[in-house]
Amino acid sequence: MEASDVAACWEANAETWTRHARAGYDLYRDVQNTPAFFATLPDIAGLAGLDIGCGEGSNTRKLAEAGGRITAIDIAPTFIRHALEMETANPLGIAYRLADGMALPFADASFDFATAFMSLMDMPRQDLVLAEARRVLKPGGFLQFSILHPCFAAPGRKVMRDEAGTVLGIEVREYFRVSDGEIESWRFGAAPAEEKAKVEPFRVPRFHRTLSDWVNLLIAASFQLEHMHEPSVDAETAKAVPYLADTYIAPLFLHMRVRKPVRA
Ligand SMILES: C[S@@+](CC[C@H](N)C(=O)[O-])C[C@H]1O[C@@H](n2cnc3c(N)ncnc32)[C@H](O)[C@@H]1O
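The rules behind the values
Residues numbered from 1 in each chain as written. Predicted model: local features only at pLDDT ≥ 70, side-chain atom pairs only at ≥ 80, totals over all residues. Heavy atoms only, no water. 1 Å grid on protein atoms, 1.4 Å probe; cavity = no way out; pocket = protein on both sides within 12 Å on 5 of 7 lines; lining within 4 Å. Points joined across faces, edges and corners; volume = space filled by probe spheres on them. Nonpolar A, V, L, I, M, F, W, Y, C, P; charged D, E, K, R; others polar. Near = heavy atom within 4 Å. Polar contact = N/O pair within 3.5 Å; in protein donor to acceptor, adjacent residues only side chain to side chain. Areas by Shrake-Rupley, 256 points an atom, 1.4 Å probe, with all protein chains shown as cover. Helix = DSSP H or I, 4+ residues; strand = E, 2+ residues; numbered from the N terminus. Pairing = 2+ DSSP bridges. Axes fitted to C-alpha atoms, helices over the stretch in contact; angles between N-to-C directions. Contact = heavy atoms within 4.5 Å.

Quick word on empty space enclosed by the protein
One water molecule sets the probe size; rolling that probe over the atoms shows where empty space is left.
Point 1. Scanning the model with the defined rule gives one cavity of 30 Å³ or more in all.
Point 2. Approximately 50 Å³ is the volume found for the largest cavity.
Point 3. Residue classes in the lining of the largest cavity are distributed as five nonpolar, two polar and two charged.

What follows is the structure in structure tokens.
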């Protein structure tokens with residue numbers, strides 16, 4: 001799939017995605033993924049950061065609220081428009097820009113750190129975006145990112161539940177099948193049925209890579225692996241919020257923090 005087709009899919013998703021995410025229907029993000037990401041993020045107060053694939057800017061604003069001096073990019077104009085509207089209404093000093101993560105419009109060594117919340121697995125050339133992230137980081141700077149878990153959220157992931165909705169297991173069917181832009185269609189599961197019925201499903205081009213692919217991509221980009229995290233809910237939360245209970249059995253997300261060596 002051409003990069004321009006990927007961008008067109010995200011532009012088509014952006015309006016509903018923004019409205020639904022802001023209505024609180026991206027429950028995995030709000031309840032689990034983002035809090036876990038920030039729990040392991042180093043202190044960014046006063047640091048210059050780049051958020052790659054910022055979407056409508058929810059996580060970007062959290063970076064700014066944590067004290068980062070933030071620049072953020074996304075490929076979809078509608079996401080950038082919504083993020084900018086929010087910035088105008090409630091300024092946090094974030095500079096948003098329409099740009100491709102695989103060709104960043106910034107000089108070498110511009111940032112102390114970079115983040116990518118759930119966006120790298122959506123890009124056709126992860127080697128390029130990692131090389132670009134490394135290029136724009138200062139020596140010693142870090143990149144922290146979250147992706148769909150390569151092992152447990154491979155294409156065809158199915159959560160097996162009994163009639164009462166209790167999660168029995170996760171089905172993994174096609175871990176080794178690298179996908180290059182196959183479209184996955186879905187809506188935020190936590191959206192009310194009447195809201196889901198009103199909108200077209202998101203069309204998300206998927207670029208699945210195995211765990212060893214990801215590690216080898218990071219090695220090829222000369223990053224040093226510093227930290228990994230696989231967010232999960234505890235038994236109590238799994239009971240209280242059955243929607244998230246699949247992550248008690250196996251993680252849906254993988255977080256990694258890597259660092260650009262001080263010396264090349
Ligand atoms: C799953 S969304 C995550 C959005 C946001 N980071 C969040 O956590 O809410 C993936 C984002 O990556 C963006 N994206 C996809 N390909 C991109 C590319 N090549 N360059 C920049 N952004 C891209 C999409 O437009 C979308 O906003």
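That covers the picture; the talk isn't over yet.
Section: the site of the ligand
Point 1. Around the ligand, the structure places 20 residues, and the nearest of them are Gly53, Asp74, Asp100, Gly101 and Phe117.
Point 2. Between the ligand and Gly53 there is a distance of 2.7 Å, counted from a nitrogen atom to a backbone nitrogen or oxygen.
Point 3. Residue Gly101 places a main-chain N or O atom 2.8 Å away from a nitrogen atom belonging to the ligand.
Point 4. When the free accessible area of the ligand is taken as 590 Å², the share hidden by the protein chains comes to 95%.
Point 5. Listing elements by their share of the shell around the ligand, those giving two or more residues are helix 1 (3–22) and strand 2 (69–74).
Point 6. Looking at the shell around the ligand residue by residue, the classes come out as 11 nonpolar, five polar and four charged.

A few points about the sheet that holds strand 11 (residues 253–259)
Point 1. Spatial strand order, 3-2-1-4-5-11-10: seven strands in an open sheet with mixed pairing. Strands at the two margins of the open sheet, each flanked by one partner only, are strand 3 (95–98) and strand 10 (224–229). For this sheet, the mean inter-axis angle between neighbouring strands, taken without regard to orientation, is 15 degrees.
Point 2. Alignment of strand 10 against strand 11, held across five bridges, turns out to be antiparallel. The residue of strand 11 that forms the bridge with Met228 is Met256.
Point 3. Contacts from helix 2 (residues 27–39) reach strand 4 (111–117), strand 5 (137–148), strand 10 and strand 11, with the element oriented near 25 degrees to strand 11.

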